[in-house]
Amino acid sequence: MTETRRLQLHLGKCIEDLDKLYNVPDLKSKRATMLCKTAQKLFESAEEAREKGDEEYSYVQYMKYLRIIAYISKDKDYLKDKTYFNSMLGSKNPNKALDAAEKLKNSLIIRYEKEQQVNRLNDIQENELIKQKMEDNRKKAIEAMVVAEPTHQGLPGPDEVSIKSEQLYVLLKSSKLKIMILDARPSQHYQESHINHPVCINVPEECISPGQSANMLEQKLPQVSRSVWAERASMELIVMMDWNSITVIPGQKLHLLKTILLKWDVKVHYTRQPVWLVGGYEDWLLKYPAFTTNPRAIPPTREQDVDDMLDEIEYPAWSDLSPPPLAVNRSSKPSEPLVDRSSKLAAVQLYEERARGVQNILDQQERIADTSLTLEMQRLEAEQDWEKVRSQREGEQRDEMRAMYKLREQEIISQLMQLESKQYDMEQENLSLREQLEEYQRREREESDRLEGGEDEHHDGDAIAERARQAVRDVAAKRARIAAVTAQRERLDRRREVLEMERKKKLAEARAARKPGDKEEDEARPDSPALPRSQSSPNIAKVSSDEEEVTSPVFDRSTKPAKMAPSSDMHHRDFLPVWGDVGRGLTGLKNLGNTCYMNSIIQCLNNTAILVTYFCNGQYLEHVNRSHSTRGAIAEELAAVVRALWSGQYRFIAAKDLRSEVGKHQRSFRGNEQQDSHEFLTILMDWLHLDLQFTIKPPHKETLGASERAWHEYTKSKESLVLRLFYGQIRSTVRCTVCRASSPTYDSFSNLSLELPPAAARCTLADCLKLYLNGETIPGWNCPNCKEKRDAVKKLDISRLPPVLVIHFKRFYVDPKEYMCNAYRKKQTYIDFPLEDLDMRQFSLHCPGNPIYNLYAVSNHYGTMEGGHYTAYCKSSVYGKWYKFDDHLVSEMSSGEVRSSAAYILFYSACKPS
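Calculation criteria
Note on numbering: residues in each chain are counted from 1, in written sequence order. Note on the predicted model: pLDDT of at least 70 is required for a residue's local features to be given, and 80 or more for side-chain atom pairs to be given and counted; whole-chain, interface and lining totals, by contrast, use all residues. Side-chain measures were taken over the full set of non-hydrogen atoms in the model, leaving aside hydrogen atoms and water. The patch calculation keeps residues exceeding 30% relative accessible area without a salt bridge and links them within 9 Å when they carry like charges or within 5 Å when they are nonpolar (Val, Leu, Ile, Met, Phe, Trp, Tyr). Areas reported here follow the Shrake-Rupley algorithm with a probe of radius 1.4 Å; residue values treat only the protein chains shown as occluding. Salt bridge, as applied in this entry: a Lys or Arg side-chain nitrogen positioned within 4 Å of an Asp or Glu carboxyl oxygen. Secondary structure elements are taken from DSSP: a helix is a run of H or I of four residues or more, a strand is a run of E of two residues or more, and numbering for both begins at the N terminus. The span one expects for a helix is its residue count, reduced by one, times 1.5 Å. Buried, partly exposed and exposed residues are distinguished by accessible area as a fraction of the type maximum, computed with a 1.4 Å probe on protein chains only: under 20%, between the cut-offs, and over 50%, respectively. Known as pLDDT, the predictor's per-residue confidence is scaled from 0 to 100. Here, residues are in contact when the closest pair of their heavy atoms is within 4.5 Å. A pair of strands counts as paired when DSSP detects no fewer than two bridges linking them. Between the N-to-C directions of two axes lies an angle of 0 to 180 degrees, each axis being a line fitted to C-alpha atoms and, for a helix, fitted only over the stretch in contact. In this analysis the probe radius is 1.4 Å and the grid spacing 1 Å, with only protein atoms considered; a cavity is a set of points the probe fits into but cannot get out of, a pocket is an open set with protein on both sides within 12 Å along at least five of seven lines, and lining residues have an atom within 4 Å of a point. Grid points are joined across faces, edges and corners, and a volume is the space filled by probe spheres set on the points. Should an angle lie under 35 degrees it is considered roughly parallel, over 145 roughly antiparallel, and from 65 to 115 roughly perpendicular; all remaining angles are considered oblique. As a working rule, the residues Ala, Val, Leu, Ile, Met, Phe, Trp, Tyr, Cys and Pro are called nonpolar, Asp, Glu, Lys and Arg charged, and the rest polar, with Gly in that last group. Pairing of aromatic side chains requires ring centres within 6.5 Å, counting the rings of Phe and Tyr and the six-membered ring of Trp. Pairs whose planes differ by under 30 degrees are stacked, by over 60 edge-to-face, and all others tilted. To sit over a ring, a charge needs its Lys NZ or Arg CZ within 6 Å of the ring centre and within 35 degrees of the ring normal.

A surface patch of nonpolar side chains, about 230 Å² in accessible area, is lined by Leu-11, Leu-21 and Tyr-57. Positionally, Leu-21 belongs in the loop between helix 1 (15–19) and helix 2 (32–52).

As a further point, take helix 2. The first and last C-alpha atoms of helix 2 sit 30 Å apart over 21 residues, in line with the 30 Å expected at 1.5 Å per residue. Of all the positions in helix 2, only Ala-32, Leu-35, Cys-36, Ala-39, Leu-42, Phe-43, Ser-45, Ala-46, Glu-47 and Ala-49 are classed as buried. Note on helix 2: the residue one or two positions beyond its end, Gly-53, has a positive phi of about 95°.

Moving on to the confidence of the model for the protein chain. Low pLDDT means the predicted coordinates in that region are not meant to be read closely. On average, residues of the protein chain score 77 in pLDDT, and 69% of them reach the 70 mark or higher. Counted against residues more than four places away or in other chains, residues 303–342, with its pLDDT under 50, gives 62 contacts.

In this section: the sheet that holds strand 2 (residues 179–183). One open sheet holds the five strands; their spatial order is 1-5-4-2-3, and the pairing between them is parallel. Edge positions in the sheet fall to strand 1 (162–163) and strand 3 (200–202), since each of these pairs with one other strand and no more. Taken together, the two bridges between strand 4 (residues 237–241) and strand 5 (residues 275–277) define a ladder with parallel strand orientation. Bridge pairing in strand 5 places Val-239 opposite Val-275. With respect to the sheet, helix 7 (residues 165–174) is in contact with strand 1, strand 2, strand 4 and strand 5, its orientation differing from that of strand 2 by roughly 135°. Set on the sheet, helix 11 (residues 253–263) makes contact with strand 2, strand 4 and strand 5; between it and strand 4 the angle comes to about 150°.

So, on to the layout of surface pockets. The volume enclosed by the largest pocket comes to roughly 1800 Å³. Forming the walls of the largest pocket are 45 residues, and the residues nearest its centre are Glu-113, Gln-116, Ser-647, Gln-649 and Tyr-650. Among the elements of the structure, helix 1, helix 6 (93–148) and helix 20 (633–645) are those that each provide at least two residues to the lining of the largest pocket. Here the lining of the largest pocket takes 14 residues from helix 6, the largest share from any one element.

This part covers the packing of helix 20 against helix 22 (residues 677–691). Between helix 20 and helix 22, the shortest axis-to-axis distance is 8 Å and the interhelical angle comes to 105°. Taken as axis vectors, helix 20 and helix 22 run roughly perpendicular relative to one another. Along its contact with helix 20, which presents Ala-633, Ile-634, Ala-635 and Leu-638, the element helix 22 presents Leu-684, Trp-687, Leu-688 and Asp-691. Of the residues belonging to the contact of helix 20 with helix 22, the class tally is seven nonpolar, no polar and one charged.

The next subject is the environment of Gln-252. The residue Gln-252 is located in the loop between strand 4 and helix 11 in this model. Between the C-alpha atom of Gln-252 and that of Pro-210, which follows or precedes it by 42 residues, the distance is 9.9 Å.

Note: most residues except glycine have negative phi, and most peptide bonds are trans. The backbone of Leu-576 sits at a positive phi, close to 45°, despite the residue not being glycine. Along the chain, the position of Leu-576 falls in the loop between helix 17 (462–513) and strand 6 (578–579).

Below, the discussion takes up the packing of aromatic side chains. In the structure shown here, the tally under the stated rule is 20 aromatic pairs. When the centroid spacing of 5.8 Å and the interplanar angle of 80° are considered together, the rings of Tyr-169 and Phe-291 count as edge-to-face. One end of the pair, Tyr-169, is in helix 7; the other, Phe-291, is in the loop between helix 12 (280–287) and helix 13 (302–310), with 122 residues separating them in the sequence. For Tyr-169, a relative accessible area of 25% gives the class partly exposed. Residues Tyr-856 and Phe-907 carry aromatic rings whose centres are separated by 6.1 Å and whose planes lie at 65° to one another, so their mutual orientation is edge-to-face. Placement of Tyr-856 in strand 22 (residues 852–863) and of Phe-907 in strand 26 (residues 903–910) is noted, with a sequence separation of 51 residues between them. Note on accessibility: Tyr-856 and Phe-907 belong to one class, buried. Grouped by ring-pair contacts, the aromatic residues Tyr-169, Trp-284, Tyr-288 and Phe-291 constitute a single cluster. Here the guanidinium or amino end of Arg-185 rests over the ring plane of Tyr-281, the centre of that ring lying 4.0 Å away. Positioned over the ring face of Tyr-813 is Lys-827, at 5.7 Å from the centre of the ring.

In structure tokens form, the structure reads like this:
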């Protein structure tokens with residue numbers, strides 16, 4: 001049928017709309033002969049509509065016809081006299097209808113997609129016009145405002161976070177804005193002196209702590225401040241201040257106060273974010289003493305603050321940072337050491353270089369301390385948020401709201417696991433920096449011991465000594481800062497543990513008070529520090545994999561060519577989509593009850609560019625293999641999911657049909673228990689290979705080498721795109737230590753599973769590969785040459801590198817102490833792996849293809865074997881950026897966050913030859 005003869009689409013906007021139209025009423029009361037006549041009318045109507053070019057109506061009529069045929073084939077009268085009824089129906093009509101319906105569906109899907117694209121373009125153009133009109137109106141309104149009302153002089157811009165004393169003074173004098181001043185100094189200092197403004201209240205710093213809500217803070221305020229505090233929603237500008245802050249960093253009282261106002265003040269929507277006064281009350285007191293209640297107030301000195309912060313800090317000794325020894329003239333007498341003055345400049349340069357190294361390490365330690373403090377605050381806030389959401393869900397009666405709260409709980413618990421993993425990585429990095437610092441200091445002490453002194457030597461060392469004294473002061477200040485931040489983080493950690501104990505006590509009391517007949521929902525949450533009870537998706541509404549499906553028509557296919565076997569694309573898929581305009585390939589996957597292991601792997605495969613093209617352009621349909629046990633269904637369901645993920649029109653979808661199909665063929669993936677993503681990936685690769693096999697012409701084995709011959713014996717001339725992309729080959733060589741005779745064997749792999757170095761907190765990918773490929777001794781090997789048992793060495797080599805190299809780290813192991821209980825533990829080793837230019841030449845034989853790889857996806861695991869959570873980090877081939885796929889949440893991330901101790905499976909793609 002030509003394009004010009006097809007009528008315009010009019011029955012629906014997608015194929016799912018048509019699926020709702022071909023449902024037939026209850027046919028139990030109808031006789032078979034009457035149904036045959038009805039079916040024949042439907043067939044004729046479908047044929048007529050098809051000739052007219054009405055593809056939608058024709059498809060609906062064909063499907064109604066097939067539904068009735070399916071019912072007739074099970075009717076008792078039909079089974080008694082098939083010949084008679086087949087003659088009424090026409091022996092070839094059912095197969096003809098099925099063929100026509102398949103073709104019409106494929107055609108309609110393409111047409112609907114094109115129409116949606118056109119509609120989206122029209123919507124974009126219309127939105128652009130609307131935006132342009134809105135922008136024009138906004139500009140006119142601004143111009144009118146400029147003419148009508150001059151802007152307030154001194155008012156900070158909407159994106160500014162601070163205000164100067166001069167600006168605040170102008171605003172207070174004008175009295176045109178409602179301004180509230182929150183003085184976060186100690187209450188004693190506030191009573192002694194504060195800004196003379198009627199809406200200036202004291203929020204004592206001793207009342208501000210992490211994890212508080214605005215309501216909790218209000219209960220701690222002085223009684224005179226509470227009535228003014230209640231008016232904060234009506235204020236046009238809120239100014240925060242302490243004594244003398246020049247900037248606000250995480251952990252300080254002003255930062256905590258701002259966090260409370262913006263994140264934990266649920267009843268108030270602020271017109272603009274609160275700003276802090278630069279220089280604090282000390283600056284205001286210096287510039288505008290007449291505008292205070294007591295101009296004679298004395299600010300606390302900075303020296304006192306520094307002394308308080310540096311208490312109990314251990315300062316480094318002179319020997320810890322002693323200057324390097326000066327070169328000595330060895331020809332002089334032992335009793336009269338002489339200094340080689342020509343080496344003075346080199347000694348100074350050497351000292352400065354090492355001092356810079358020490359300073360760099362201390363800078364990194366300071367960064368880690370700040371980051372750890374921020375992470376601890378985020379954990380505390382997240383746990384407070386989790387407690388709040390949990391209580392809201394328990395008190396909510398509406399099902400849709402309870403489901404929403406459950407989804408939010410899942411997000412928070414995932415966030416907590418990832419924060420704990422990041423904190424562990426920070427601690428490991430800090431340990432490494434400490435070791436480097438100790439090594440620097442050890443070397444300095446050794447050189448100090450070798451230093452031989454004299455009067456001239458001391459004179460020439462003045463410059464170095466002065467630099468050393470300055471270095472001591474710098475190091476002391478750095479260490480003081482690190483110690484202060486670390487102490488604050490430890491206080492937050494202790495507070496979080498107290499809150500955790502209180503929560504557990506309340507939960508135990510609630511369970512004890514619960515009636516025996518009440519249904520209890522056990523809430524799983526991450527426990528500190530090892531997260532032994534955390535779950536991937538706590539109590540998410542289960543989705544049954546045994547849902548009732550629409551009965552498909554069944555026919556005698558003996559008269560139908562085998563290659564036209566029915567496709568699973570014929571059945572209706574419900575992805576439960578949440579609509580939203582997102583980038584292509586940036587759609588999330590809903591957690592269907594501990595299915596994060598599956599979601600993580602699907603997103604990694606969904607960012608394998610060649611595989612995505614293969615599924616999206618429909619080329620895979622030419623290779624679907626119906627003879628395998630899965631009958632091609634796994635490949636078709638995965639292809640459907642990939643197409644939906646790349647449509648760009650859903651925020652997230654649910655892969656219900658894929659999960660159901662996987663569960664049919666592997667019992668362990670059927671329920672709602674947490675599973676291993678590596679096991680799922682390995683089985684899925686084998687299924688996809690078998691589902692998409694095609695036969696190639698076998699080569700002449702006489703012309704092949706040992707590796708190629710073993711490869712073709714493995715494939716048996718049946719290949720697939722999955723095999724060509726992901727599968728490689730390992731050569732295992734066993735060599736006799738006596739006669740040196742060797743016996744090579746070859747095995748295929750879809751991923752390399754690497755052991756981690758024992759008892760190592762940090763290692764590199766190269767370390768793991770070397771450990772995997774290193775030879776091992778095999779005692780008592782039957783040597784075919786010696787004809788007796790000998791010691792032998794077994795060596796592995798990669799003899800065939802795949803275009804997509806998948807590397808798995810063996811993080812889980814059986815604890816030897818609990819071997820009888822089969823208890824698994826997890827290695828939290830931090831593995832440093834390259835994001836670009838992984839060179840596999842040193843780990844492989846002379847393999848064809850490019851041995852240089854770039855990372856494009858990582859499957860991460862957080863938590864423990866008993867309960868954990870999986871995410872995926874993927875680099876988009878479209879946008880060239882890294883994204884985090886955390887079930888239904890997708891967010892952009894920096895490449896610096898890709899490496900972590902949670903990395904479980906790496907996906908590398910071979911670089912294109914330059």
